[in-house]
Amino acid sequence: MSRKQRRQSRRESGRPPWTIDSVYGGGPGQTHIPLYSTRLVGPNGQAMSIGRMQREGEVDCQIDTVAIASRFDFAHCPLCLAVVPGTDEHVPPENIGGTVMTRTCDDCNNKAGGRTEPELEHWWNDTLVRARLESTLGPVRGPRVAGNLYRRQTSDGEPVFALAGKHDSAVRDILDHGGDITLTFGLPDRARVFAAALKSAYLGACLLARRVPFTREAEAVRAALRAARDTQKSEPLSLRGIDFDWWIARRPGSIEAGRIGLERVRVAGEEPQYAVSLGGALLVSWPVGGYLVGSDRASDRILWIDSMGANSR
Ligand SMILES: [Zn+2]
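Since the structure is predicted, the reported quantities are computational estimates derived from the model, not experimental observations. (Residues numbered from 1 in each chain as written. Predicted model: local features only at pLDDT ≥ 70, side-chain atom pairs only at ≥ 80, totals over all residues.)

1. Some thoughts on the environment of Tyr202
Part 1 of the argument: When you line up the elements, Tyr202 lands in helix α4 (residues 190-209).
Part 2 of the argument: Expressed as a C-alpha distance, the spacing of Tyr202 and Val276, which sit 74 residues apart in the sequence, is 8.7 Å.
Part 3 of the argument: If near-sequence neighbours (up to four positions away) are discounted, Tyr202 is found in contact with Val221, Leu225, Pro287 and Val288. (Helix = DSSP H or I, 4+ residues; strand = E, 2+ residues; numbered from the N terminus. Contact = placed C-beta atoms within 7 Å.)

2. Re the environment of Arg52
Part 1 of the argument: Its location among the elements puts Arg52 in strand β3 (residues 47-52).
Part 2 of the argument: Exposure remark for Arg52: the 18 C-beta atoms within 10 Å place this residue in the partly exposed category.
Part 3 of the argument: Apart from the residues within four sequence positions on either side, Arg52 is in contact with Tyr36, Asp126 and Arg152. (Buried ≥ 20, exposed ≤ 12 C-beta atoms within 10 Å, placed from the backbone.)

3. Some remarks on the pairing of strand β8 (residues 144-154)
Part 1 of the argument: As judged from the 3 bridges shared by β3 and β8, these two strands associate in the antiparallel manner. Its bridge partner lying in β8, Arg52 is registered against Arg152.
Part 2 of the argument: Pairing analysis gives 5 bridges linking strand β7 (residues 127-135) to β8, with the strands arranged antiparallel. Across the sheet, residue Arg132 finds its bridge partner in β8, namely Val145. (Pairing = 2+ DSSP bridges.)

4. Describing the sheet that holds strand β13 (residues 273-278)
Part 1 of the argument: Pairing within the open sheet is antiparallel, and its 5 strands lie in the order β4-β12-β13-β14-β11. If you trace the sheet from one side to the other, it starts and ends with β4 (62-68) and β11 (248-250), each paired once. In this sheet, adjacent strand axes meet at a mean angle of 30 degrees when their direction is disregarded.
Part 2 of the argument: Pairing of β11 with strand β14 (residues 282-285) involves 3 bridges; the strand directions are antiparallel. (Axes fitted to C-alpha atoms, helices over the stretch in contact; angles between N-to-C directions.)

5. Some details on the environment of Arg144
Part 1 of the argument: Relative to the elements of secondary structure, Arg144 occurs in strand β8.
Part 2 of the argument: The spatial distance from the C-alpha of Arg144 to the C-alpha of Ile174 is 8.7 Å, given a sequence separation of 30 residues.
Part 3 of the argument: Excluding residues that lie within four positions of it along the chain, Arg144 makes contacts with Arg132, Leu133, Asp168, Ala170, Val171 and Ile174.

Given below as structure tokens:
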């Protein structure tokens, strides 16, 4: 198709051009803007706001900070306990607000990170993965690779998809021609989302306590994380042995790079719970067991009793 014909068909599609007026988003180390909010302006000056999706099950809660962690290096890799750690570790992953907070061994850092953390970032960003688009109209036949798509919504609740990475250039032709467009996609791998969140939360908990815990839950977390580290990306992962109640949630607001906190989370009508806040982006329920008894603000350490009954700090 010649350039002239393409222009012609664009005009016939009758869809007016919109321009991006402002974009708010991004974080340290990010290669694509994750679009927390965007404002578009139409040909007649009308505005359209696009923001993050309202997720099912998200509830209002009050969050009070009990303690804040600071960088700390352990004598052994806190994940496998096996070797002297030699690699800088971002907690949480850098793309969701992590900074270097400790050191882990090469294997735990690179393998466990590479095999699980992209899935957590996709979950956090509401990303549809391996997307393909196909249209009944226009010159492009068959499905074309759209790559990753950010799922967003307008202020009226209409769904919006934003191309978030490498994609076939024909995808733009498909979108220009309209017609009935079929979108197929995958969702982030749930077990790997949870494994990556558990890794960050466990490391956050170690940093808050400034020690590697030896509770029953902590042993189970380390075993599950070693399994995640040693499971190829092509193989299914299961978090066997993690039989305690825990949850992950996106923290409201925007990324606060490098902030790891222990938070008391209150939902109206429920008992308060404790959670580790990671990069201001993510909340994971306190994952390593033990009963918190307070905090020492002067040293930023938390005081807790582990499940063996030993009072420790
Ligand atoms: Zn290790």
